[in-house]
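# Coordinate inspection notes
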Amino acid sequence: MIVSVASGKGGTGKTTVSASLTTIWDGPVLAVDLDVEEPNLHLFLRPTIEESQRAYIKIPVVDESKCTYCGTCSDLCQFKAISVVNKLVLTFPEMCHGCGGCIAICPEKAISEGKRELGEISWGGAGNAGFLMGRLRIGEAMSPPLMRQVKARLDKMIAKDPQDAIIDAPPGVSCPAVNAVIDSDVIILVTEPTPFGLYDFQLAWEAFCPLNKPMGAVVNRAGLGNDQIYNFCQDKGLPVLAEIPFDRAIAEAYARGQIITEVSGRIEQIFIDLRDGIRDLAERHGSREAAYA
Amino acid sequence: MEFVTWRNGTARGRRLMREVVIISGKGGTGKTSLTGAFAHLASNKVICDLDVDAPDLHLLLRPSHQREEEFWSGYEARIDSDLCERCGICASMCRFGAIHENDNGFMVDPLRCEGCKVCVAFCPAEAIKFPQKQCGHWYMSSTRFGPMVHAQLFPGEENSGRLVMVLKQQARELAKARDLDLVLCDGAPGIGCPVISSLSGTHLAVAVTEPTPSGRHDLERVADLCGHFKVGFAVIINKYDLNPDETKRIEAFCSDRGYPLAAHLPHDPVVTQAMVQTKVVTELPETDFSRELRLTWARIEELVAR
């Protein structure tokens, strides 16, 4: 089972929930940080990294001795990454999405593959859990291509050693967030009971609904603002799987880089119940799908 | 660099239009609550919410829309199953895993489609259509603190740096048309496409951080990003009392790099209280927190004027 921990609004506690779930998970599990722009999970799980690889995207390199400046490549490119002006062909590698269209369509076979660095993929172990993360290169604008490569590594690791995975997703509700959760079995939305938390939670719910995956909510800092988030969950039939109380001791533990299950037995129990709730949600969805099939 | 004419005649001549973006790296550090308060405190400005993906500033400023525009960007492949001959070339050439075969033939998954047109160009049956996509709306609005330019991307859409550029362009034009000399922007979390777009042409990025391992880690990355694009950088440590050791580390980082510290703000429930009332914190009865915020804004104005 792959569980994604997502949020809409940033700073609601995705990483806290991912790290805590990892430490209390009762079986082989891999913690995956797909928030490649600002990965934080390693700060709490403190993994031992066994291997790191640079990740690249394929970009065009033009052999001008073969180029006839016909402009077929630039006509196709949707991202303004290759441009032909009179007897000049220019590439803009940072704009390239790596679709390979220009290389395939060039009638002179004048374009070959070069590469642009996206960032780094690292993996190893954190206690009993496996660990995997991506880290975007500073100045690189596109996170989805790196996320796709981290997920390909995740598939390999799961194929080699069957295990569950907990994905720490990026904030927001646009393409990076959707890319993170799209291949998971269960989506957990972490929110806080404030107007900002509610608004972004609604956006996230709307964005992830078309994926038709079982979803559950975790309300962090419960007791902080108001209770509209509960009304929304009830309206949409979205189960609230856990509530983490608004408590300065938790905020301070987090600020020290602690995993909050260490704060008290009561907090640990919240995450044990959450884990059971996630399993339950996945099973019920699975049996409903089976009934439809 | 753009110029606007100073409002009260010619005595002070022409003055630079300035652009400030409030960013954070890590989400949830208080960016939007602080931007809302600065929108209250600043004069002669256009307010601009560049977090087009999960915007929240409108929840505090309650803008009334004066103008609403559709935002169209990019294209999306769609296979016409009547024309499709099921050769599978499209699926084999798609580098984004967006095309799959099912009982009804080949289908494009719109959530994975990158809009690159490769399948369209290589389909021998010319069975793939390529319509333009509407990705959201953008708005010009009025608020109790002045004009505001903002947007909402449709959930799940491509987080377009292009939409950020549209907003910035509109905000600059509005500022010019109304003789306003400041564009005050709320930025997005992260260091990717929308953040990079929000930094272009900006004079000062103010990063709101918190004394946690994540806050400091993400601050360092966003500082490097601003260095990479040569944008001025200042720091606000929010909730500084949560972890005094981590606050010291952030202070040391800033002093090493020569980044001015615009404020230390305490962890204060008054911020959430204001949010629940859809107000900004400086509109509530005066507290130590709001007094500190006034000083903070004065320091930022000084930094921007440099």
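What counts, and at which threshold
- Residues numbered from 1 in each chain as written.
- Chains lettered and ligands numbered in written order.
- Predicted model: local features only at pLDDT ≥ 70, side-chain atom pairs only at ≥ 80, totals over all residues.
- Domains from an automatic or database assignment.
- Contact = placed C-beta atoms within 7 Å.
- Nonpolar A, V, L, I, M, F, W, Y, C, P; charged D, E, K, R; others polar.
- Axes fitted to C-alpha atoms, helices over the stretch in contact; angles between N-to-C directions.
- Helix = DSSP H or I, 4+ residues; strand = E, 2+ residues; numbered from the N terminus.
- Parallel < 35°, antiparallel > 145°, perpendicular 65-115°, else oblique.
- Left-handed = near helix turned anticlockwise from the far one by under 90°.

Here we come to the domain arrangement of chain A. Think of interface size as the accessible area that goes away when the parts come together; that is how it is often given. Residues and elements named next belong to chain A. Domain assignment breaks chain A into domain 1 (2-55 + 118-292) and domain 2 (58-117). The gap between the C-alpha centroids of domain 1 and domain 2 is 39 Å. Residue-level contacts link 6 residues of domain 1 with 4 residues of domain 2. Residues that form the side of domain 1 that touches domain 2 fall into these classes: 3 nonpolar, 1 polar and 2 charged.

Another point: the packing of helix 7 (residues 213-228) of chain B against helix 8 (residues 244-257) of chain B. Residues and elements named next belong to chain B. With their axes 11 Å apart at the nearest point, helix 7 and helix 8 run at an angle of 15° to one another. In terms of orientation, helix 7 and helix 8 fall into the roughly parallel class. The way helix 7 lies across helix 8 gives a crossing that is right-handed. Contacts between helix 7 and helix 8 involve Arg 216, Leu 219, Glu 220 and Ala 223 on the former and, on the latter, Glu 246, Arg 249, Ile 250, Phe 253 and Arg 257. Grouping the amino acids of the contact of helix 7 with helix 8 by side-chain chemistry returns 4 nonpolar, no polar and 5 charged.

Further remarks concern the interface of chain B and chain A. At the junction of the two partners, chain B supplies 51 residues and chain A supplies 51 residues. Secondary-structure elements contributing two or more residues to the side of chain B that touches chain A are helix 4 (118-122), helix 6 (193-199), helix 7 and helix 9 (270-276) of chain B. The element contributing the most residues to the side of chain B that touches chain A is helix 7 of chain B, with 8 residues. When the residues that make up the side of chain B that touches chain A are grouped by side-chain class, the tally is 21 nonpolar, 18 polar and 12 charged.

To continue, consider the domain arrangement of chain B. What the domain assignment reports for chain B is domain 1 (3-72 + 136-305) and domain 2 (77-130). Using only C-alpha atoms to locate each centre, domain 1 of chain B and domain 2 of chain B end up separated by 42 Å.

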